[in-house]
Amino acid sequence: MTVHFVGAGPGAADLLTVRATRLLAAADLVLYPGTYLDAEVLAHCGPTAELVDTQHLDLDRIVDLLARGAAAGRQVVRLTSGDPSLYSALAEQTRRLSAAGVAWDVTPGVPAYAAAAALVGRELTVPLVAQSVVLTRTRARSTAMPESESLGRFAATRASLVLHLAIRRIRALMTEIEPEYGGDCPVVVVHRASQPGELVLRGTVATIADAVERAGLRQAAVILVGRALGGEGGESYLYDRSRDRTGLNDRTGLNDRTGLNDGASRPTG
């Protein structure tokens with residue numbers, strides 16, 4: 001049997017993919033991160049599924065449960081918060097499963113930073129303002145960061161910055177990035193995006209730490225920093241009215257009126 005790693009999205013039960021809900025409905029065993037997951041997500045599981053909260057389990061115990069479930073012929077789902085490609089321990093778990101000869105696959109989910117940006121109605125890549133997004137975290141009581149990935153180096157790019165697992169150190173972090181971004185640079189903090197208890201705090205590099213401390217936020221928050229959050233910027237060349245579009249359809253093979261491939265839209269025979 002195959003162990004399915006499934007992104008549970010930011011927390012809301014209706015922000016899972018169709019594939020994710022189908023896998024949950026068919027699962028016999030579901031391991032989920034209780035610290036970050038809205039319980040409503042588990043309503044997609046069948047009534048006989050065994051549900052295991054992993055917040056108090058170490059990695060070896062989690063992998064053992066996954067492997068044993070698969071060996072017993074059970075349909076196994078390992079839920080991760082957000083998307084499995086970010087801070088999900090996917091690499092560690094799949095490395096162990098592969099070594100044990102257990103098959104696995106991955107179903108993506110909506111990442112928390114995307115849900116946060118959607119909540120405040122902002123694009124993180126605005127023409128002439130920011131065309132890159134840096135997704136990173138900082139070190140407190142966690143795994144060491146590579147020396148080449150210091151926050152100062154990332155701040156020097158002035159790209160849109162997304163900080164995960166960093167809310168307890170927000171004052172020190174804002175002080176660190178202020179020389180590059182400026183004290184007036186917009187910042188948005190979203191706590192439990194899309195879940196009950198959702199909270200949005202808006203401010204600047206100079207003011208956001210006060211707002212976070214007043215709210216008493218200690219976990220489950222994503223920090224967005226950058227001028228793109230200000231709602232201003234240039235316009236995309238792709239949609240520029242002055243752009244020469246002559247021959248574009250000839251190159252793509254698309255029909256202007258139908259959007260279908262020109263050859264496929266013609267009758268045959």
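This text goes with the structure placed above it.
Residues numbered from 1 in each chain as written. Predicted model: local features only at pLDDT ≥ 70, side-chain atom pairs only at ≥ 80, totals over all residues. Heavy atoms only, no water.

## Let's talk about the overall build of the protein chain
And step 1. When you go through the protein chain residue by residue, the secondary structure sums to eight helices and 10 strands.
And step 2. Evaluated residue by residue, the protein chain yields a buried proportion of 41% over its 269 residues.
And step 3. Looking at the protein chain as shown, the accessible area adds up to about 14900 Å², and 49% of this sits on carbon and sulfur atoms.
And step 4. Put simply, the protein chain has 28 plus and 29 minus side-chain charges, and the middle of one group is 2 Å from the middle of the other. (Helix = DSSP H or I, 4+ residues; strand = E, 2+ residues; numbered from the N terminus. Buried < 20%, exposed > 50% of the residue type's maximum accessible area, 1.4 Å probe, protein only. Areas by Shrake-Rupley, 256 points an atom, 1.4 Å probe, with all protein chains shown as cover. Lys, Arg positive; Asp, Glu negative; His and termini not counted. Charge placed at Lys NZ, Arg CZ, Asp CG, Glu CD.)

## As for unusual backbone geometry
And step 1. A positive phi angle is found at R158, which is not glycine, with a value near 55 degrees.
And step 2. Tracing the backbone through its elements, the reader meets R158 in the loop between α5 (151–155) and β7 (160–164).

## Re the packing of helix α6 (residues 170–181) against helix α7 (residues 208–215)
And step 1. The contact between α6 and α7 brings their axes to 9 Å, and the two run at 175 degrees. For the element pair α6 / α7, the angle class is roughly antiparallel. Between α6 and α7, the residues in contact are I170, R171 and M174 and I208, A209, D210, V212 and E213, respectively.
And step 2. Here the residues of the contact of α6 with α7 sort into five nonpolar, no polar and three charged. (Axes fitted to C-alpha atoms, helices over the stretch in contact; angles between N-to-C directions. Parallel < 35°, antiparallel > 145°, perpendicular 65-115°, else oblique. Contact = heavy atoms within 4.5 Å. Nonpolar A, V, L, I, M, F, W, Y, C, P; charged D, E, K, R; others polar.)

## A closer look at the sheet that holds strand β9 (residues 199–204)
Each strand in a sheet pairs with another by means of backbone hydrogen bonds, the pair being arranged parallel or else antiparallel.
And step 1. Strand order in this open sheet of five strands is β6-β7-β10-β8-β9, and the pairing throughout is mixed. Across the chains shown, the open sheet's two edge strands, defined by having one partner strand only, are β6 (133–137) and β9. Averaged over all adjacent pairs, the angle separating strand axes in this sheet is 15 degrees, with direction ignored.
And step 2. Direction of pairing for strand β8 (residues 186–191) relative to β9: antiparallel, over a ladder of six bridges. The partner of V187 across the bridge, within β9, is G203.
And step 3. Its contacts with the sheet place α7 against β8 and β9, and it is angled at close to 150 degrees to β9. (Pairing = 2+ DSSP bridges.)

## Concerning the nonpolar core
And step 1. Counting 26 residues, the largest nonpolar core has I170, M174, I177, V189, I208, I223 and V225 as the members making the most contacts within it.
And step 2. Those elements giving two or more residues to this core turn out to be α5, β7, α6, β8, α7 and β10 (221–225).
And step 3. Among the elements that make up this core, the one with the highest residue count is α6 (five residues).
And step 4. Apart from residues no more than four positions distant in its own chain, I177 is found in contact with L151, A155, L161, G182, V205 and V225.
And step 5. In terms of nonpolar packing, the next biggest core, distinct from the first, is built from 16 residues, L24, V30, V41 and V77 among them. (Core = buried A, V, L, I, M, F, W, Y, C linked by side-chain atoms within 4.5 Å.)

## Regarding helix α3 (residues 90–99)
And step 1. Within α3, the full set of buried residues consists of L90, Q93, T94 and L97. One side of α3 holds all its buried residues, which, seen down the axis, span an arc of 90 degrees. Across α3 from its buried face, at more than 90 degrees, point the exposed residues R95 and A99.
And step 2. Contacts made by the buried residues of α3 are with β1 (2–7), α2 (59–71), β4 (76–80) and β5 (103–107).
And step 3. Trailing α3 by a residue or two, G101 shows a phi angle of about 75 degrees, which is positive. (Arc of directions from axis to C-beta.)

## Let's talk about the environment of L57
And step 1. Relative to the elements of secondary structure, L57 occurs in the loop between β3 (50–53) and α2.
And step 2. Note on L57: relative accessible area 28%, which makes it partly exposed.
And step 3. The spatial distance from the C-alpha of L57 to the C-alpha of A116 is 28 Å, given a sequence separation of 59 residues.
And step 4. Residues within four places of L57 in sequence aside, it is in contact with V52, I62 and L65.

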